[in-house]
Amino acid sequence: MKITVLAENSVCKTNSLNVKSEHGLSLFIEFDERKILFDTGQSDLFIHNAEKMGIDLSQVDYLVNSHGHFDHGGGLKHFLKINKKAKIFLHINAAHKFNTKIFGFIPYYVGLDQKIIAQNTRIYFIDEDTQIDDKTILLEGFTEVFPQPEADKALFDKTKNRFIADRFNHELAMLLIENNEIVLFSGCSHSGIINILEEVKLFSKKMRIKATFGGFHIKIL
């Protein structure tokens with residue numbers, strides 16, 4: 001398995017290809033014969049960085065969008081322009097109207113482009129744990145046994161002109177099975193990375209979690 005970071009919050013100091021960074025995440029994964037894109041960042045930056053690294057995103061087989069926030073799915077419209085074949089997986093709740101509040105009271109939209117989602121026939125909406133193929137699994141619905149990250153308190157779901165706390169029931173985790181072990185991908189882990197790991201262990205009690213990649217929203221004290 002080969003994992004290439006296409007977009008992330010920072011770049012390394014030895015940056016010979018002059019790739020750029022942005023707030024968000026996009027990972028390109030080569031696994032057996034599969035080419036998987038996990039999240040798209042917030043713009044078309046992931047495409048420009050991929051070009052600099054010699055990666056042809058038109059050949060991606062699967063796009064998994066981890067949750068309904070623009071910094072992980074804002075690049076979807078750009079991906080659709082360059083890739084005409086990939087199956088796209090998105091949680092059924094990811095098209096909700098997600099917001100944060102600037103200064104604690106000014107609403108600011110942080111969700112996905114709802115028109116793009118509504119108009120695209122390649123999107124598969126996930127509402128339960130789903131096995132895409134023999135080695136690729138999507139999990140959803142993570143029980144809050146341990147507290148969610150503190151940053152979650154600033155995020156809201158707008159429903160019928162009311163802002164309610166976002167419970168992150170739009171989050172997906174991806175499991176790739178390699179040599180009978182699990183490699184876990186989680187976009188932001190708003191549900192709590194420990195809760196997600198516990199759910200993965202319940203899902204498959206016989207396989208070891210070999211590695212975990214993604215964003216964790218862990219506060220370092």
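As a starting point, this report considers the structure included with it. (Residues numbered from 1 in each chain as written. Predicted model: local features only at pLDDT ≥ 70, side-chain atom pairs only at ≥ 80, totals over all residues. Heavy atoms only, no water.)

Our next topic: the pattern of salt bridges. For the coordinates displayed, the defined rule picks out 11 salt bridges. Between Lys210 and Glu178 there is a salt bridge, and its shortest N-O distance comes to 2.7 Å. With Lys210 in strand 15 (residues 208-214) and Glu178 in strand 13 (residues 172-178), this pair connects stretches of sequence that are 32 residues apart. Members of the salt-bridge network, linked through shared partners, are Asp32, Arg34, Asp133, Asp134 and Lys135. (Salt bridge = Lys/Arg side-chain N within 4 Å of Asp/Glu carboxyl O. Helix = DSSP H or I, 4+ residues; strand = E, 2+ residues; numbered from the N terminus.)

Pairing in this open sheet of four strands is antiparallel, and the strands run 7-6-11-12 from one edge to the other. Looking at the sheet topology across the chains shown, the edges are occupied by strand 7 (106-109) and strand 12 (162-165). Adjacent strand axes in the sheet meet at a mean angle of 45° when their direction is disregarded. Sheet topology places strand 11 (residues 155-159) next to strand 12; four bridges connect them, and they run antiparallel. Within strand 12, the residue paired with Thr159 across the bridge is Arg162. (Pairing = 2+ DSSP bridges. Axes fitted to C-alpha atoms, helices over the stretch in contact; angles between N-to-C directions.)

Since the α-helix packs 3.6 residues into each turn, any two residues three or four apart lie on the same face. Restricting attention to buried positions, one finds in helix 5 (residues 193-203) the residues Ile193, Asn195, Ile196, Glu199 and Val200. Each buried residue of helix 5 lies within a common arc of 160° when the element is viewed along its axis, so the set occupies one face. Of the surrounding secondary structure, the elements contacted by the buried residues of helix 5 are strand 10 (136-140), strand 13, strand 14 (181-186) and strand 15. (Buried < 20%, exposed > 50% of the residue type's maximum accessible area, 1.4 Å probe, protein only. Arc of directions from axis to C-beta. Contact = heavy atoms within 4.5 Å.)

Attention shifts here to the nonpolar core. Leu6, Leu37, Phe46, Leu57, Val60, Leu76 and Phe79 are the most contacted members of the largest nonpolar core, which totals 21 residues. At the level of secondary structure, the elements contributing two or more residues to this core comprise strand 1 (2-7), helix 1 (45-52), helix 3 (76-82) and strand 5 (87-91). Not counting the four nearest positions on each side in its chain, Phe79 is found in contact with Leu37, Phe46, Ile47, Leu57, Val60, Leu63 and Ala86. In terms of nonpolar packing, the next biggest core, distinct from the first, is built from 17 residues, Ile29, Phe89, Leu138 and Leu176 among them. (Core = buried A, V, L, I, M, F, W, Y, C linked by side-chain atoms within 4.5 Å.)

Burial within strand 3 (residues 34-38) is extensive, with four of its five residues counted as buried. With five bridges connecting them, strand 2 (residues 26-31) and strand 3 associate as antiparallel partners. Note that in strand 3 the partner of Ile29 across the bridge is Ile36. Count of turn residues in the strand 2/strand 3 antiparallel hairpin: two residues, of which Asp32 carries a positive phi of about 50°. Here strand 3 pairs with strand 4 (residues 62-64) via three bridges, running parallel.

This part covers helix 1. Considered for burial, the residues of helix 1 that qualify are Leu45, Phe46, Ile47, Asn49 and Ala50. Looking at the buried residues of helix 1, the elements they touch are strand 1, strand 2, strand 3 and helix 3. Phi turns positive, to about 75°, at Gly54, one or two residues after helix 1.

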